[in-house]
Amino acid sequence: MNARTTRVLQCSAVLVAAGLVLTACGSSDSDSSSEKSPSFSGRGPITFAAAKDSSGVVQKVIDGWNTQHPKEKVTFVQLPADVNQQRQQMIQNAETKSDAYTVLSLDAVWTSEFAAHQWIDQLPAAQFPLDKMLKPVVETTKYRDNLYAVPQSSDGGLLYYRSDLLKKAGVSAAPTTWAQMQAACAKVVKLPEAKGMDCYAGQFQKYEGLTVNFSEAVNSADGVVTDAAGKPDVDTPAAKKGLDFLVDSFKGGTIPKEAITYQEEEGRQAFQSGKLVFLRNWPYVYSLAEKSKVAGKFAVAPLPGLTGAGSSTLGGHNVAVSSFAKNKATALDFIKYFTNHDSATTFLKEGSAAPPYADLYDDQALVKQYPYLPVLKKSILNAVPRPRVVQYGDVSSAIQQEAYAALNGDKSSTQALKDLQEALQKLSAQ
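Residues numbered from 1 in each chain as written. Predicted model: local features only at pLDDT ≥ 70, side-chain atom pairs only at ≥ 80, totals over all residues. Heavy atoms only, no water.

Visitor: What is the right way to read the packing of aromatic side chains from this model?
Guide: Aromatic ring pairs are described here by two measures, namely the spacing of the ring centres and the angle between the planes. For the coordinates displayed, the defined rule picks out 21 aromatic pairs. When the ring of tyrosine 200 is compared with that of phenylalanine 245, the centres are 6.3 Å apart and the planes differ by 50 degrees; the resulting orientation is tilted. Of this pair, tyrosine 200 sits in strand S10 (residues 198-201) while phenylalanine 245 sits in helix H10 (residues 237-252), placing them 45 residues apart in sequence. Phenylalanine 245 matches tyrosine 200 in its accessibility class, with the two residues each being buried. (Phe/Tyr/Trp six-rings, centres within 6.5 Å; stacked < 30°, edge-to-face > 60°. Helix = DSSP H or I, 4+ residues; strand = E, 2+ residues; numbered from the N terminus. Buried < 20%, exposed > 50% of the residue type's maximum accessible area, 1.4 Å probe, protein only.)

Written as structure tokens, this is what we have:
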């Protein structure tokens, strides 16, 4: 977060075992209960600001609304695919109090930040079926126990793998540990069909995806970002084992060197084009991979870890109303439509988006069609949330800077984690 944004609201933050969580800022918890939802008035055209949609399903759902509401049409404003750029554009829009964006699609971890800065409006919780949604997903929509967004989708990291090649190489099951993944890959790359393939990739460019991949590696080695007392705890042997897995994988060739430039889409394209045996990515990849040259040749599994199944970072997107928007009555109704059960089913079927509704994961007809659903549900329920802080950009930037330095060889893992510990301590003391 830039200095101008930081000055908008100076809050202290406390680190807890799952990550960094906001403390009250200038008021007590009892004060928060008195906060009132704003009145939502005004009807007419609105905009929906979200990341560029590679699946096309977002526009399809919007078209359904527009057909039913010709006088309250929604225009889809597609932002860059890079999540850092998305966030920055939304912040710039809010800081200038522009009404260019009406409804915002927020990365789940941004909700607290945007609510604390009063960039989004509190929503009437009773008007949404939150009790039918997965609890960890709903928690990402709240700030000081009040609702500021509604889940549109959740997300959990998955391990995509070439099931056809593992079978030919005599590997009978998906790996559950990093060592098993490396051993399986060593067998696969000896096959004539796997000539020139690389083993594994995730998201390692210096952006939000690196924060996610670093956190997953640390958690999957039984490390934590913070200890039980809420203190930064990344300068530990366990955290070092997680970071060392990534560093050593780059050095040893498990991860190809070009993966240092990978975001989600670069990894997806590499896997779909047959360049990777294993890929860490989100559920959206599934439907797109089924339309590619690897269709019918891949499967998904939980992320591997040091000694067993690893831990995913909790992802997802929530939709909120910009505090500076016009036609907020239309915006509220659009959010109800965009996040309802039918829309969630459409996003699942046509975009492989993880639904917030619990029952969809247990629908046997859907499981037959989308066999990854049980794995995805487990990933989400066991996922570890990222920091939910006012100064989230600063926290994520610190993680990215130190992890990237270690992956590039500019710092040792030991030094990078020591420097990250100091940076997080300073941020938690502000």
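There's plenty left to go through after this.
Visitor: Would you explain the pairing of strand S13 (residues 315-321) in this entry?
Guide: Sheet faces and side chains relate simply in a regular strand, where the side chains alternate between the two faces. Extensive coverage of S13 is indicated by the burial of six of its seven residues. Looking at chain direction, strand S5 (residues 103-107) and S13 are connected through five bridges and run antiparallel. Considered in S13, the bridge of leucine 104 is made with alanine 320. Where strand S8 (residues 150-155) lies against S13, five bridges are found, and the strand directions are antiparallel. Paired with proline 151 across the two strands is asparagine 318, which belongs to S13. (Pairing = 2+ DSSP bridges.)

Visitor: Could you clarify how one ought to interpret the pattern of salt bridges in this entry?
Guide: Side chains carrying opposite charge are able to pair once their charged atoms draw close together. Under the defined criterion, the tally for this structure stands at 15 salt bridges. Residues glutamate 72 and arginine 43 are paired through a salt bridge, measuring 3.0 Å at the closest nitrogen-oxygen approach. Within this pair, whereas glutamate 72 is found in the loop between helix H3 (57-68) and strand S4 (74-79), its partner arginine 43 is found in the loop between helix H2 (29-32) and strand S3 (46-51), the two being separated by 29 residues in sequence. Put simply, lysine 168 and glutamate 193 hold a salt bridge, and the shortest N to O gap is 3.2 Å. Of this pair, lysine 168 sits in helix H7 (residues 163-168) while glutamate 193 sits in the loop between helix H8 (178-188) and S10, and the two are 25 residues apart along the sequence. You can call lysine 168 exposed: its relative accessible area is 52%. When salt bridges with common partners are traced through the structure, they connect Arg43, Glu72 and Asp333 into a single cluster. (Salt bridge = Lys/Arg side-chain N within 4 Å of Asp/Glu carboxyl O.)

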